[in-house]
Amino acid sequence: MAAAAAAATPSAFAPPRLRLLSCHAPRRRAAPLPRWAASASRSGAPSSSMDATVKAGRRPGVREYVEAAREMARRPDGGPPRWFAPLECGGERVPGAPTLLYLPGIDGVGLGLIRHHQRLAKMFDMWCLHIPVQDRTTFQGLVEHVERTVKTESSRAPDRPIYLVGESVGACIALAVAARNRDIDLVLVLVNPGTSFHRSQVQSLSALLDLVPNPFGLSTPQVLNFLTGSFMKMSSRFDGAGQAFSEVAGGLLPSLMYLADILPKESIVWKMNMLRTASLFVNSRLHAVKAQTLVVASGNDELLPSREEAERLHSTLKKCRIRHSRDNGHKILLEDGFDLATTIKGAGYYRRSRQTDYVLDYLPVTDDELENAIDRDRLLNFATDPVMLSTLPAGKIVRGLAGLPREGPVVLVGYHMIMGLELGPLVTGVLRTTGIHIRGLAHPFMFNESFEQLMPDSWNFDFYRIMGAVPVTAVNFYKLLSEKQFILLYPGGAREALHRKGEEYKLFWPEQSEFVRMASRFGATIIPFGVVGEDDICDVLLDYNDLMKLPFYDILDKKLNEDGLKLRTDSTGEIKNQDIHPVVLTPKMPGRIYFVFGEPIETKGREKELRDKEKAQHLYLHVKSEVESCIKYVKEKREEDPYRSILPRLLYQATHGSDAEIPTFEP
């Protein structure tokens, strides 16, 4: 698409900030700009509120969207549909970025991703479909138009996926294209899909739009009164149903007002009829869709029953995940608090080749994502005020992270708290303090789609994927080392994180070395660390042994582990038992969490020495001993901390300020 962009003359048309291309496929040579765009360029359109928003470093919102969309829609342009690349998408993107085609909702303008342009443009070669207001291309025609583009892009880069992000009727177009092109590698992102039109309240409203008198616009007081009240009084045929319809229309109209601002009545009627056709067409072909699919559903969608529709699509489509957003409405892409790029990353749906490479496809966490991650654990951080200690090369323990190396590869090897409670404070604390981004080797169940459905919230594990977790495999460990990353490794795995009563601070490591020889192959530095404090913040009420005594729990246990990847099947005893199960905890008056990073252990220059299994095993046992020493050290030293309990810490902050660093014991 870069070639097509270079061939086109960017429009200086300020409000939409667009580069419009009238072409069937993004990479074909662009036709000249429409007259309206050229005239706007010559006249020098005044700066819009979107320009001011971008200059101020803020994301555009509904106001900027409506302004830009109104400016595009009012131009006398009867079609055909075309692709455009927003000017914000002209920056630098990651190597090998896949193509993303945005398919708009009922408005057809193509600016639905206006808040997300800059983020997505770094991840994708992004193009948006613009359907002029006066255009009357049928749904079948739009499907064929997008299909031509998809085939062109697939032949150009057959090893890369093509992303179709469809909103409302655009989601129907994406599904139709996928059903007709099962041999092309597509990733569908369906935002409040219009496949539920036949079960929506808006269907009732759309049936009456033809009754609106032509001299009136949809936003005039007369029409609002007509649709919400007076019409019911004039027609006795509705009887008791009139009040129900009035309530429906009253709830829908605020959500439809953006359409009245952009489209004339005739266009809205056409679009509604198209949505009805699209829904019927696609629902009869869902069985043919084989593409990887992510459904984004708003909990407060006023137009469509999106939450229920997401569940229906999930049960119908073979490779489908859902992301529910409880507090957002139908125009979720324009609302604060939702980020499409982060959602795609968190679901594990970003890839640049046919198979997801969790190491090479990973995109670094953004400032916003880091802040959201910190907010996620804000209550835990407030209650426990984590203390981080590190060990200098000479063996001196100091407060802070001065003892951590600043260059990788580094392998941090330590103890797993109950339920992994330490993960958030550890990863975000190190990143915020030092800029070091830790990549965790995580249990495969965090990436399992079936297991995700058993969780109370589909977003539960997205945090870990956004922060860089990868499934624990030898291949991924090798790749992280070769990329000189900081790697978080828990040899105790699930057995340690889901330990039984009275087993806190006990290591459940395999008997044989699993990481030393590979780490030494890359000259990695090994940092043993211990973490203490779980017994100060909670107690285990029900462990695995207790759960197995409950009636019918064995059914849930089988469901949790039937599709799970079994780790360490060649091990024996406790280590072999890596089944996933819930743990019921009871909170306590919160104490403090303490991290201590031991003295760095260098393997650089010892590659040949550590090829020997016995010497590697000796180093492995040394690392384990160091982790146990770190735990023992902090368990003893925390007795000297006058601020171990939350009450003295609250008093200290009350007298010294909420941002004051609370003291601890002297290392």
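Just so it is clear, the model here is predicted, and its values are computed rather than measured.

Calculation rules
- Residues numbered from 1 in each chain as written.
- Predicted model: local features only at pLDDT ≥ 70, side-chain atom pairs only at ≥ 80, totals over all residues.
- Heavy atoms only, no water.
- Helix = DSSP H or I, 4+ residues; strand = E, 2+ residues; numbered from the N terminus.
- Buried < 20%, exposed > 50% of the residue type's maximum accessible area, 1.4 Å probe, protein only.
- Contact = heavy atoms within 4.5 Å.
- Areas by Shrake-Rupley, 256 points an atom, 1.4 Å probe, with all protein chains shown as cover.
- 1 Å grid on protein atoms, 1.4 Å probe; cavity = no way out; pocket = protein on both sides within 12 Å on 5 of 7 lines; lining within 4 Å.
- Points joined across faces, edges and corners; volume = space filled by probe spheres on them.
- Nonpolar A, V, L, I, M, F, W, Y, C, P; charged D, E, K, R; others polar.
- Patch = residues over 30% accessible without salt bridge, like charges linked within 9 Å, V, L, I, M, F, W, Y side chains within 5 Å.
- Salt bridge = Lys/Arg side-chain N within 4 Å of Asp/Glu carboxyl O.
- Core = buried A, V, L, I, M, F, W, Y, C linked by side-chain atoms within 4.5 Å.
- pLDDT = per-residue confidence, 0-100.
- Arc of directions from axis to C-beta.
- Axes fitted to C-alpha atoms, helices over the stretch in contact; angles between N-to-C directions.
- Left-handed = near helix turned anticlockwise from the far one by under 90°.

Caption draft 1: Structural detail: the overall build of the protein chain. Helix and strand content of the protein chain: 26 helices and 19 strands. Per-residue burial for the protein chain yields a buried fraction of 57% across its 667 residues. Contacts in the protein chain between residues at least 24 apart in sequence constitute 81% of all its contacts with a sequence separation of at least 6. Roughly 28600 Å² of accessible area belongs to the protein chain as shown, and the carbon and sulfur atoms make up 52% of that amount.

Caption draft 2: How the structure looks around empty space enclosed by the protein. Scanning all chains against the criterion turns up 7 cavities of 30 Å³ or more. Reported here for the largest cavity is a volume of approximately 170 Å³. What lines the largest cavity is a set of 13 residues, and nearest its centre among them are K345, Y350, Y358, Y362 and R465. Residue composition of the lining of the largest cavity, grouped by class: 7 nonpolar, 2 polar and 4 charged.

Caption draft 3: Geometry of a nonpolar patch on the surface. Among the surface-exposed residues, L379, F382, M589, L647 and L650 lie close enough to one another that they form a single nonpolar patch of about 550 Å² accessible area. Listed by contribution, the elements that provide at least two residues to the nonpolar patch are α15 (378–384) and α26 (646–656). As for its placement among the helices and strands, M589 is situated in the loop between β17 (584–587) and β18 (594–597). Its relative accessible area of 57% is what places M589 among the exposed residues.

Caption draft 4: Just the nonpolar core, in detail. Counting residues in each nonpolar core, the largest one holds 79 residues, and the members touching the most others are V411, L426, L488, F515 and F597. It is helix α25 (residues 613–637) that contributes the most residues to this core, 8 residues altogether. The residues contacting L426, other than those within four sequence positions of it, are M388, L488, Y490, F529, F595 and F597. Core analysis: the next-biggest nonpolar cluster, separate from the first, contains 51 residues, V143, A171, L275 and A297 among them.

Caption draft 5: Spotlight on the confidence of the model for the protein chain. Put simply, the protein chain has an average pLDDT of 83, and 79% of its residues get 70 or more. Long-range and interchain partners of residues 28–47, a stretch whose pLDDT sits below 50, account for 26 contacts in this model, where long-range means more than four residues apart.

Caption draft 6: Representation of helix α24 (residues 553–561) in the model. The set of residues buried in α24 consists of Y553, D557, L560 and N561. The buried side chains of α24 occupy one side of the element, clustering within an arc of 80° when seen end-on. Those residues of α24 that are exposed and angled more than 90 degrees off the buried face are I555 and K558.

Caption draft 7: How the structure looks around unusual backbone geometry. The omega angle of the peptide bond from G408 to P409 is 5°, so this bond is cis rather than trans. Take P409: it is sitting in the loop between β10 (397–399) and β11 (410–414). Although it is not a glycine, M419 adopts a positive phi angle of roughly 60°. The exposure class of M419 is partly exposed, given its relative accessible area of 41%. Of note, the phi angle at Y505 is positive, near 70°, even though the residue is not glycine. Overall, Y505 belongs to the buried group, its relative accessible area being 11%.

Caption draft 8: Highlighting the packing of helix α7 (residues 169–180) against helix α11 (residues 265–283). Packing of α7 against α11 brings their axes to within 9 Å, and their N-to-C directions diverge by 35°. Where α7 crosses over α11, the handedness of that crossing is left-handed. Of α11, the residues touching α7 (which contributes V169, C172, L175 and A176) are M274, L275, A278, S279, F281 and V282.

Caption draft 9: How the structure looks around the environment of T356. Within the secondary structure, T356 sits in the loop between α13 (340–346) and α14 (367–376). Since its relative accessible area comes to 27%, T356 is described here as partly exposed. Apart from the residues within four sequence positions on either side, T356 is in contact with G348, Y350, R351 and D361.

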